[in-house]
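Analysis of the macromolecular model
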Amino acid sequence: MNEEIIQIKGLTKRYGYGDTESFALKDFDLTIRRGEFIMIMGPSGCGKTTLLNIIGLLDRATSGEYILNGEDVAGISARRKARLRAKKIGFIFQNFNLIQDLSVLENVALPLVYVNRPRTVRLKNASDTLRRFHLQEREYYLPSQLSGGQQQRVAIARAIVSDPEIILADEPTGNLDSRASISVMEELKSIHEEGNTIIMVTHNPALTVYATRVINMLDGQIATDIKTVSDQNLPQKIEVKRTRGKAKKTRNSRRKR
Amino acid sequence: MAMLFRTHLRLALTSIKENRTRSFLTCLGIAIGIASIILILSLTGSVSKLITDEISDIGADLIVVRPSTTKDSITTIVEELTASNSFQKSNLAISDVDEIKKLESVTAVAPIAITHSTLTDEENTIPSATILGTTVDFNTIEPQTFRYGGFINDKNHENSVVIGPSLSLHLYNTTNPVGRTLLFHGERFIVVGVMENNDASINFDNVDFDSALIMDIKVLEKLVGSLQVQQINVKVATTSDLEETSSKIRETLIEKKSGDTNFTVSYGDDISHPASALLNIISGMLSLVAGISLVVGGIGVMNIMLVSVAERAHEIGIRKAVGASSSNILMQFMFEALILSILGGILGIALGYILAIFASSITPFAPYISWQIIAITFLTALVVGVIFGIYPALKAASKNPIDSLKHYR
Ligand SMILES: Nc1ncnc2c1ncn2[C@@H]1O[C@H](COP(=O)(O)OP(=O)(O)OP(=O)(O)O)[C@@H](O)[C@H]1O
Ligand SMILES: [Mg+2]
């Protein structure tokens, strides 16, 4: 059985004090195993983005316990958080969040800058990842020259290029039509089948067919939590031999299994 | 670390290239400040070089006696500059020349006394010509090159004069007036020599020889009455006598003036000292102005960097989300500011030397290039980059990624 990768206990996020006090998350508990594909649903303002930002170490909780991969990350330094973001977390956003001045290839290679890979390795890894998403002909395009669906696939490539533990996606299909949504979801599905952990926020109930677990939130707390796949049947992480500083392994070789 | 260094360097260069016009204008702000510093340093360097070169030309066997020991103070220098007749308070006398000449190991003594007076010939009148009174020894100590004729000598010094080339043109409308006469204080003098153009308006005698008339000091004193001796130049037999002879001169003069010590006896590099002191004050003031323009340039860098940070808030948010630490972001923007100011510095050094070369074509000051000047100005540009780049970079580094990601472009 896969190990628990995220343990959250009593997490609270408060905004404001006194009269303006409000809670985005209230005494929130959640345990996530490696290989889960979690979809978080719930009405606007119930705290989904806040939860994702805290899990992704972009935001800090007011109180509560958060153990990521066995490491208590509640009180760690900003530098350590940046390191963990670079190595263990991949973000996918609703509005893609690509850097407009950089080419598609450089955007995908961006996370590798902050884990100190040499430029040639960065570009090689990024290129391999883009090929997997059938975007190799678009390497030297600027993001503005791509369709929304293509941009989101570039963003997914960026999220997985440094082989993170967890992929966090905040309404990744929110800006896309149904066809583009399906292609994005198919990509996420294949990433999940390789044993990656994905936490995704969505407003579209039709997409929950991809999930192994669906969480409904209300006012900063969990309303319902349903597992559609048992813990025993979660996909196993495919061990990849990634040589530091050398771009030996490619995503293609991983896919073959 | 070295890898991040290179990555940030590339990043900064890309961002500078993308905003070419803006970056160029920012560099220009720094460049103008640096260029003015280069120009000032080149000019002052060239002036002091002119003076030292002249002294080594004349020979190392020169002693100069000047009035007043308080030349270094700013007030004296400013007084001298503003007074219509410089060295009004000179306590040197023509009779001192004879006293010095009596000392052994002294081979030649030439006083320098300047006055301004009207010169006339049949056609032209020069209302306020520079008249230099000296002795025949003058040409021994500072040998002049003559276009026509020669210097006054022991036989003709009572009624002969030597003139500079531009005075010759003004007075006679010709370059060769040797043998012609001129009227000065009612007396008629014969021109026996015209000097070659020497272009050295800055020299240790403080005289523009090109437009001066040189005559015997005793004849001059008889005609104009009182004269101020602005300095006495002394030539010694050998350089080993310099120290001993100058102290002898000092003793003799103090004794003759019954204890008055308001004069200096200098040799070697010290001769250029009064001129350099003035030079230092002027260059100090000019540097202050250049420094202010550099601060303005630095504020330009800061301004552009702040704009850049605000414009790229979204980019900063993305970079932080994918794993950039605050110090990564700090470095990225710091590099950009540093490169802007280094480019500005290089541009300024080039611009400064072009200006210095241009200045040399209209003044006698050749551009003076030394690695010290380049090092100092380059370092200054670097320091400006650090000082004015650190605040915007800190601002970028401290941006909250969640807020930054909300900035749509
Ligand atoms: N910076 C902030 N200051 C004050 N309140 C905030 C701030 N950010 C979020 N909130 C509040 O926290 C609550 C949860 O916000 P959050 O963005 O997590 O909602 P969400 O579930 O993602 O909504 P949506 O589905 O619309 O994206 C909201 O009530 C919001 O007003
Ligand atoms: Mg949200």
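We now turn to the structure provided with this report.

1. Points about helix α10 (residues 313-321) of chain B
Residues and elements named next belong to chain B. With respect to burial, α10 is a largely interior element, nine of its nine residues being buried. All buried positions along α10 are accounted for by A313, H314, E315, I316, G317, I318, R319, K320 and A321. A positive phi of about 125° marks G323, the residue just after α10.

2. Quick notes on the site of ligand 1
All names here are of chain A. Taken together, the neighbourhood of ligand 1 is formed by Y15, A24, S44, G45, C46, G47, K48, T49, T50, E171 and H203. Between ligand 1 and K48 there is a distance of 2.8 Å, counted from an oxygen atom to a side-chain nitrogen or oxygen. In this structure, H203 approaches ligand 1 through a side-chain N or O atom, which is 3.0 Å from an oxygen atom. About the coverage of ligand 1: the protein hides 60% of its 640 Å² of free accessible area. Here the shell around ligand 1 takes three residues from helix α1 (residues 48-55), the largest share from any one element. Class assignment of the residues belonging to the shell around ligand 1 gives a composition of three nonpolar, six polar and two charged.

3. Observations concerning the sheet that holds strand β2 (residues 22-33) of chain A
Residue and element names in this part refer to chain A. As summarised here, the arrangement of the four strands in space is β2-β1-β4-β5, forming an open sheet in which the pairing is antiparallel. At either margin of the open sheet sits one strand with a lone partner, and together these are β2 and β5 (71-72). Bridge count for strand β1 (residues 4-15) against β2 is eight bridges, and the pairing is antiparallel. Bridging from a neighbouring strand, Y15 pairs with S22 of β2. Where α1 meets the sheet, it contacts β1, β2 and β4 (63-68), and its direction lies at approximately 125° from that of β1.

4. Some points on the packing of aromatic side chains
Geometrically, a pair of aromatic rings is defined through the distance of the ring centres and the angle of the planes. All names here are of chain B. Within this structure, the stated rule accounts for six aromatic pairs over all chains. Seen from their ring centres, F138 and F151 are 5.7 Å apart, and the 25° between their planes marks the pair as stacked. Placement of F138 in helix α5 (residues 138-141) and of F151 in the loop between β4 (146-149) and β5 (160-163) is noted, with a sequence separation of 13 residues between them. Neither F138 nor F151 differs from the other in exposure class; each is buried. Ring geometry for F146 versus F151: centroids 6.2 Å apart, planes at 55°, classification tilted. We note that F146, like F151, is buried. Ring pairs connect the aromatic residues F138, F146, F151 and F209, which therefore count as one cluster.

5. Remarks on the environment of I329(B)
Residue and element names in this part refer to chain B. By secondary structure assignment, the location of I329 is in helix α11 (residues 326-362). Using a relative accessible area of 0% as the deciding quantity, one classes I329 as buried. For the pair I329 and S398, spaced 69 residues apart in sequence, the C-alpha separation works out to 8.8 Å. Those residues within four positions of I329 in sequence are excluded, and the remaining contacts are I316, R319, K320, A324, A396 and A397.

Parameters at a glance
Residues numbered from 1 in each chain as written. Chains lettered and ligands numbered in written order. Predicted model: local features only at pLDDT ≥ 70, side-chain atom pairs only at ≥ 80, totals over all residues. Heavy atoms only, no water. Buried < 20%, exposed > 50% of the residue type's maximum accessible area, 1.4 Å probe, protein only. Helix = DSSP H or I, 4+ residues; strand = E, 2+ residues; numbered from the N terminus. Near = heavy atom within 4 Å. Polar contact = N/O pair within 3.5 Å; in protein donor to acceptor, adjacent residues only side chain to side chain. Areas by Shrake-Rupley, 256 points an atom, 1.4 Å probe, with all protein chains shown as cover. Nonpolar A, V, L, I, M, F, W, Y, C, P; charged D, E, K, R; others polar. Pairing = 2+ DSSP bridges. Contact = heavy atoms within 4.5 Å. Axes fitted to C-alpha atoms, helices over the stretch in contact; angles between N-to-C directions. Phe/Tyr/Trp six-rings, centres within 6.5 Å; stacked < 30°, edge-to-face > 60°.

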